[in-house]
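Close look at the chain arrangement
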Amino acid sequence: MVKFKWETEFKKTEIGEIPKDWEVKVLGQLIKKITKGKVPKKPKKTSKNIEDFLPYLSVEFLRGEKKEAEYFPRSWGIPVTEEDILIIWDGAANGEILKGKKGLLSSTVALIEPNDKVIKKYLFFFLKFFENELKKLRSGTDDRHVDKQALLDFLVTCPPLEEQHRIATILSWFDDLIENKRRQNEILENMAMAIFKSWFIDFEPFQDEEFVYSEELDMEIPKGWEVKPIGEIAEITKGISYKSDEISDTKETKEYVVFITLKCFKRGGGFRPEYKYYLPTAKSRTKNVSVTDGDLIIGITDMTPDAKVVGAPALVVIPPWENSGMISLDCAKIQTDSYLKEYLYLFLKLTQQENSTFANGVNVLHLNTKLFEQSKYVLLPPKPILDRFHSLVEPLFKKIILNEKEIMLLKKARDTLLPQLVFGRLRVVEI
């Protein structure tokens with residue numbers, strides 16, 4: 001049984017008030033060393049089943065933005081595990097704290113190895129809470145890397161080890177629940193995609209039908225099925241332009257609305273709840289760019305080198321404490337019949353690479369929406385088949401949206417609880 005108590009006796013320290021029996025130490029007193037990753041000698045892809053080879057943990061791979069990684073011999077790098085504390089050392093995101101994965105540390109990331117004076121998970125949660133402060137500890141030309149000495153001098157609250165363990169256990173429960181829901185969502189979407197491929201790529205349920213050649217799709221399709229430009233079955237509406245002083249990382253006043261930007265797109269397709277907030281103008285309120293849960297959107301701008309965001313679709317998830325949101329000019333809303341929405345999402349995700357070919361530009365790609373509407377062809381099975389498919393996959397995506405909302409609530413609860421615990425205002429007496 002978990003028991004908490006509110007602390008009443010505090011002492012003043014350089015980091016603020018903490019319980020009288022706690023200490024404050026600099027990070028350098030709590031760690032063995034900080035080790036930067038290495039650049040592999042040469043690319044070496046191989047089977048994931050060979051234990052001597054490990055994935056190279058790029059920042060994108062650690063964040064889950066990139067699903068595939070190159071594999072290198074274990075001896076070529078710094079191996080880390082899921083329990084390790086990592087910090088982005090170089091680049092624009094330096095100072096960001098990440099959980100480890102089994103693999104080899106990339107050259108832009110460093111491993112923080114605690115000593116026996118601190119519980120590893122407690123230190124992870126403490127540093128994660130102060131991530132914005134850590135991001136300010138920069139040095140070098142254009143603030144390109146973490147200032148190591150400033151990091152070593154960073155102040156950390158130190159409860160007794162047993163209490164550190166209890167605090168870390170409570171916070172880990174939240175993270176475990178969040179991770180379970182994320183994995184469930186991955187399984188649910190994979191199920192939906194597997195059904196889509198079975199029905200509309202391999203045509204497994206329709207093998208007994210007569211097939212004809214489709215010139216637009218350059219493939220054999222069941223006779224009687226149609227092929228149409230996406231512009232004939234959907235309306236594509238671009239989002240709104242904005243000024244920097246009209247958006248914020250937080251909801252500054254009740255007039256601000258959730259703002260969907262490129263950051264909300266996963267590479268290749270899918271939604272990430274990384275919102276901005278926007279203060280609507282009189283002009284922007286008149287545009288039809290409002291979105292709510294389950295609305296289909298597509299990325300129409302991209303600055304990634306492999307064009308994995310432009311043409312990527314996503315199904316919107318609005319935070320549970322909001323009702324709706326608006327989309328930025330970097331994306332567009334795709335409005336179609338309800339029975340077609342999940343079908344189109346999966347189709348566009350599967351063909352994202354082709355979608356990106358409708359974009360032009362050098363440093364920044366822009367999707368040519370008119371050309372996309374006219375020349376992006378969509379296979380259209382008869383409506384009874386689409387209705388059956390919709391009845392199978394719609395519940396999966398509704399569960400995905402529900403899970404995403406629950407993840408947001410769990411994160412909010414954890415982030416509210418975290419400062420109370422690491423500053424000792426709320427103490428974990430027993431687990």
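Predicted model only: the values in this text are computed from it and were never measured.

1. Some remarks on the sheet that holds strand β21 (residues 257-260)
A sheet is described by the order of its strands in space; here five strands give the open sequence β20-β22-β21-β27-β23, paired in mixed fashion. The sheet terminates laterally at β20 (247-248) and β23 (290-291), the two strands that pair on one side only. Where β23 and strand β27 (residues 325-327) come together, two bridges link them in antiparallel fashion. Residue pairing across strands places Ser290 opposite Met326, the latter belonging to β27.

2. Side note on unusual backbone geometry
Backbone geometry at Phe203 places phi at a positive 55°, although glycine is not the residue there. Locating Phe203 in the fold gives a position in the loop between α5 (161-200) and β16 (211-214). Backbone geometry at Asp218 places phi at a positive 55°, although glycine is not the residue there. For Asp218, the position within the fold is in the loop between β16 and β17 (219-222).

3. Some details on the state of the cysteines
Evaluated as defined, the whole model comprises zero disulfides. Looking at Cys331, it has no disulfide partner, and the nearest cysteine sulfur is the one in Cys264, 7.6 Å off.

4. What about the packing of helix α2 (residues 120-129) against helix α11 (residues 383-422)?
Two elements in contact, α2 and α11, have axes whose closest approach is 10 Å; the angle formed by their N-to-C orientations is 115°. Compared by their axis directions, α2 and α11 come out roughly perpendicular. Classified by chirality, the crossing of α11 by α2 is left-handed. Contacts from Tyr122, Phe125, Phe126 and Phe129 of α2 reach α11 at Leu418, Pro419 and Val422. Looking at side-chain class alone, the contact of α2 with α11 contains seven nonpolar, no polar and no charged residues.

5. Here's the deal with the nonpolar core
Within the largest apolar cluster, 46 residues are counted, with the highest numbers of intra-cluster contacts made by Ile230 and Tyr343. Mapped by element, the contributors of at least two residues to this core are α5, α6 (230-233), β24 (296-299), β28 (331-335), α8 (341-350), β30 (365-367), β31 (377-380) and α11. A per-element tally of this core places α11 first, with seven residues. Discounting residues that sit within four places of it in the chain, Ile230 has contacts with Ile236, Leu344, Leu348, Phe372, Glu373, Lys376 and Val378. Of all hydrophobic cores here, the second largest spans 43 residues; its members include Leu27, Trp89, Leu410 and Val428.

6. Things to note about the environment of Ile240
You can see Ile240 is positioned in the loop between β19 (235-238) and β20. Take Ile240: its relative accessible area is 1%, and that puts it in the buried class. When the C-alpha positions of Ile240 and Pro280 are compared, they lie 9.7 Å apart, and in sequence the two are 40 residues distant. In this structure, Ile240 is in contact with Phe259, Tyr278, Ser284, Lys287, Val289, Met326, Ile327, Ser328 and Leu329, ignoring residues within four places of it in sequence.

7. Observations concerning the pattern of salt bridges
Here the structure, examined in full by the defined rule, presents 25 salt bridges. One salt bridge in this structure joins Glu179 and Arg183, with 3.3 Å as the shortest N-O distance. Linking Glu179 with Arg183, this pair stays in helix α5, spanning four residues, or about one helical turn. The salt bridge involving Glu406 is made with Lys181; its shortest N-O contact spans 2.6 Å.

8. Details of the packing of α8 against α11
When two helices pack together, their arrangement is given by the angle between their axes and by how far apart the axes lie. Remark: α8 packs on α11, axes separated minimally by 8 Å, with the N-to-C direction vectors making an angle of 80°. By the angle between their axes, α8 is roughly perpendicular relative to α11. Residues Glu342, Tyr343, Tyr345 and Leu346 of α8 form the contact with α11, whose own contacting residues are Leu386, Phe389, His390, Val393, Glu394 and Phe397. Counted by class, the contact of α8 with α11 contains seven nonpolar, one polar and two charged residues.

9. Some details on the packing of aromatic side chains
Applying the stated rule across the entire model yields 26 aromatic pairs. Grouping aromatic residues by their ring pairs yields a cluster made of Phe196, Trp199, Phe200, Phe203, Phe206, Phe211, Trp225, Tyr343 and Phe389. The ring centre of Phe61 lies 4.8 Å from the NZ or CZ of Lys101, which sits over that ring. Of note, Lys383 hangs over the ring of Tyr339, and the distance from its end group to the ring centre comes to 4.6 Å.

10. A word on the side chain of Ser172
Turning to its location among the elements, Ser172 is positioned in helix α5. Apart from residues lying up to four places away in sequence, Ser172 is in contact with Lys121 and Phe125.

11. A closer look at the pairing of strand β9 (residues 85-88)
Residues Ile85 and Ile87 of β9 are buried on one face, and the alternating residues Leu86 and Ile88, pointing to the opposite face, are buried as well. Sheet topology places β9 next to strand β10 (residues 97-99); three bridges connect them, and they run antiparallel. Each bridged residue has a counterpart across the sheet, and for Ile87 the counterpart in β10 is Ile97. In terms of strand pairing, β9 meets strand β12 (residues 109-114) through four bridges, oriented antiparallel. Looking across to β12, one finds that Ile85 is bridged to Ile112.

Quick notes on the rules
- Residues numbered from 1 in each chain as written.
- Predicted model: local features only at pLDDT ≥ 70, side-chain atom pairs only at ≥ 80, totals over all residues.
- Heavy atoms only, no water.
- Pairing = 2+ DSSP bridges.
- Helix = DSSP H or I, 4+ residues; strand = E, 2+ residues; numbered from the N terminus.
- Disulfide = S-S within 2.5 Å.
- Axes fitted to C-alpha atoms, helices over the stretch in contact; angles between N-to-C directions.
- Parallel < 35°, antiparallel > 145°, perpendicular 65-115°, else oblique.
- Left-handed = near helix turned anticlockwise from the far one by under 90°.
- Contact = heavy atoms within 4.5 Å.
- Nonpolar A, V, L, I, M, F, W, Y, C, P; charged D, E, K, R; others polar.
- Core = buried A, V, L, I, M, F, W, Y, C linked by side-chain atoms within 4.5 Å.
- Buried < 20%, exposed > 50% of the residue type's maximum accessible area, 1.4 Å probe, protein only.
- Salt bridge = Lys/Arg side-chain N within 4 Å of Asp/Glu carboxyl O.
- Phe/Tyr/Trp six-rings, centres within 6.5 Å; stacked < 30°, edge-to-face > 60°.
- Lys NZ or Arg CZ within 6 Å of the ring centre and 35° of its normal.

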